[in-house]
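# Observations on the three-dimensional arrangement
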Amino acid sequence: MYMKARRHQPRAGEDDVESNQLSSNEVRYGEKGPLWFPVALGALFLVMVGVLLCLTPQTKQHAWLTLHATPTPPPTENLYLKRPLQQVPGLPPGPENPSTFVKERGATTRLHCETTAGPLTIDIHQNWAPLGSERFLDMVNTGFFSSRVGLFRAVKNFLCQTGVPGDPEVHKQWRQKGRIKDDPQWLDLTGQKQALKRGYLAFAGSGPDSRTTEFFFAFRDLKLGFQPWEVPFGELVGEASYAALDRFYAGYGDMRAFGGQAPAQGQIYRRGAAYLDEEFPLLDFMTSCEEVE
């Protein structure tokens, strides 16, 4: 709303001079003082009105939005949950069925790991697999995961294999460290068909005493553990970890030898994360992992 400037109303006893003709400070405003003060006040008001009239619609809109802007809400901690679910809905944050036997966990090291699908909390149990847990913690404490480790074999309702560093030079260094011997299997393979439980971590391998750095997460309770390298050494902890696990991108599926379109391991060994970024842009990665104090 714009207000009109009011003309000066002469008081009784003054000369009847219209306000638009006032030009001298000798003309008196009633009997109380000079005329220049109300004239200046009126002029200032007219200038302010003129400024408002000169504002562009965009400027007016910006000023209105600035005054009426809704405060930006703080970032949500559950942004990762907006990612598409890759596993079947309704899976529990832990084993699907109780284990008939769980080895005493003993000394446990808790890890916080970051992935592009969300954060993971992992408990490493030395008593489950002394050699396997030692190797994995060595990987953590030497910055292995900061090389961007691709979650390259994510198979729905099965497992996600990973553990090849994104830097080929890091891969060469770990090859020089050699393989580790197998740990004794503690899973109850006779009393339960699906003994390797959802959320467990175990190393991948190709024969006796063949474990290096590649390992897998179990998406479901699995009928695994019959190979000497498939000895669990850790497990996921907490709902947030399982929410991230179920969002590892699984669109590329299994290895090509098993009918899928997953990246070729040999190419990852040679070219690292650059190969994955170029040819598998939707793939998820582990980007860091560290012990929790």
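Residues numbered from 1 in each chain as written. Predicted model: local features only at pLDDT ≥ 70, side-chain atom pairs only at ≥ 80, totals over all residues. Heavy atoms only, no water.

All right, on to the environment of Leu81 then. Take Leu81: it is sitting in the loop between helix H2 (57-68) and strand E3 (108-115). Each C-alpha atom, one on Leu81 and one on Arg247, is 8.2 Å from the other, the two residues being 166 residues apart in sequence. Residues contacting Leu81, with those up to four places away along its chain left out, are Ala243 and Arg247. (Helix = DSSP H or I, 4+ residues; strand = E, 2+ residues; numbered from the N terminus. Contact = heavy atoms within 4.5 Å.)

What follows concerns empty space enclosed by the protein. Per the stated rule, a full pass over the model turns up 1 cavity of 30 Å³ or more. Space inside the largest cavity adds up to approximately 30 Å³. Contributing to the lining of the largest cavity are Ser99, Thr100, Phe101, Leu187, Asp188, Gln192 and Ala195. Here the residues of the lining of the largest cavity sort into 3 nonpolar, 3 polar and 1 charged. (1 Å grid on protein atoms, 1.4 Å probe; cavity = no way out; pocket = protein on both sides within 12 Å on 5 of 7 lines; lining within 4 Å. Points joined across faces, edges and corners; volume = space filled by probe spheres on them. Nonpolar A, V, L, I, M, F, W, Y, C, P; charged D, E, K, R; others polar.)

For the structure shown, the criterion picks out 17 aromatic pairs. On the basis of an interplanar angle of 90° and a centroid distance of 5.8 Å, the ring pair of Phe144 and Trp174 is categorised as edge-to-face. A residue pair is termed long-range when its members are at least 10 positions apart, and Phe144 in the loop between helix H3 (130-141) and strand E5 (149-150) and Trp174 in helix H4 (residues 168-177) qualify at 30 residues. Pair check on accessibility: Phe144 and Trp174 agree, each one buried. Their ring planes at 75° and their centres at 6.2 Å tell us that Phe145 and Phe215 sit as a pair that is edge-to-face. Note that Phe145 is positioned in the loop between H3 and E5 and Phe215 in strand E9 (residues 215-218), a separation of 70 residues in sequence. (Phe/Tyr/Trp six-rings, centres within 6.5 Å; stacked < 30°, edge-to-face > 60°. Buried < 20%, exposed > 50% of the residue type's maximum accessible area, 1.4 Å probe, protein only.)

Turning our eyes to something else, we now look at the pairing of E9. The alternating pattern of E9 places Phe215 and Phe217 on one face and Phe216 and Ala218 on the opposite face, and all of these are buried. Pairing of strand E8 (residues 200-203) with E9 involves 3 bridges; the strand directions are antiparallel. Considered in E9, the bridge of Phe203 is made with Phe215. (Pairing = 2+ DSSP bridges.)

In this section: H3. What sets the pattern is the α-helix's 3.6 residues per turn: residues three or four places apart point alike. Taking 1.5 Å per residue, 12 residues should reach 16 Å; H3 reaches 16 Å between its end C-alpha atoms and fits that length. Turning to H3, its buried residues are Gly132, Ser133, Arg135, Phe136, Leu137, Met139 and Val140. The secondary structure elements touched by the buried residues of H3 are E3, strand E4 (118-125), H4, E8, E9 and strand E11 (285-291). (Expected span 1.5 Å × (residues − 1).)

Moving on to the confidence of the model for the protein chain. Per-chain confidence: the protein chain averages 83 in pLDDT, with 74% of residues scoring 70 or above. Contacts from residues 1-32, a stretch scored under 50 in pLDDT, to residues over four places away or in other chains number 29 contacts. Below a pLDDT of 50 lies the segment residues 58-70, which in the model reaches 3 contacts outside its immediate sequence neighbourhood of four places, other chains included. (pLDDT = per-residue confidence, 0-100.)

With that settled, the discussion passes to the state of the cysteines. Tallied over the full model, the rule gives 1 disulfide. Across the disulfide, Cys113 is cross-linked to Cys289 (sulfur-sulfur distance 1.8 Å). With a gap of 176 residues between them, Cys113 in strand E3 and Cys289 in strand E11 connect regions that are remote in the sequence. You'll find Cys113 and Cys289 in the same group, each marked buried. (Disulfide = S-S within 2.5 Å.)

In terms of backbone geometry, most residues other than glycine have negative phi values and most peptide bonds are trans. In the Ramachandran plot, Arg148 falls in the positive-phi region, its phi being about 70° despite a non-glycine side chain. Along the chain, the position of Arg148 falls in the loop between H3 and E5. Overall, Arg148 belongs to the partly exposed group, its relative accessible area being 30%. In this structure, Asn157 takes a positive phi of about 65° despite not being glycine. As for its position among the elements, Asn157 is in the loop between strand E6 (153-154) and strand E7 (159-162).

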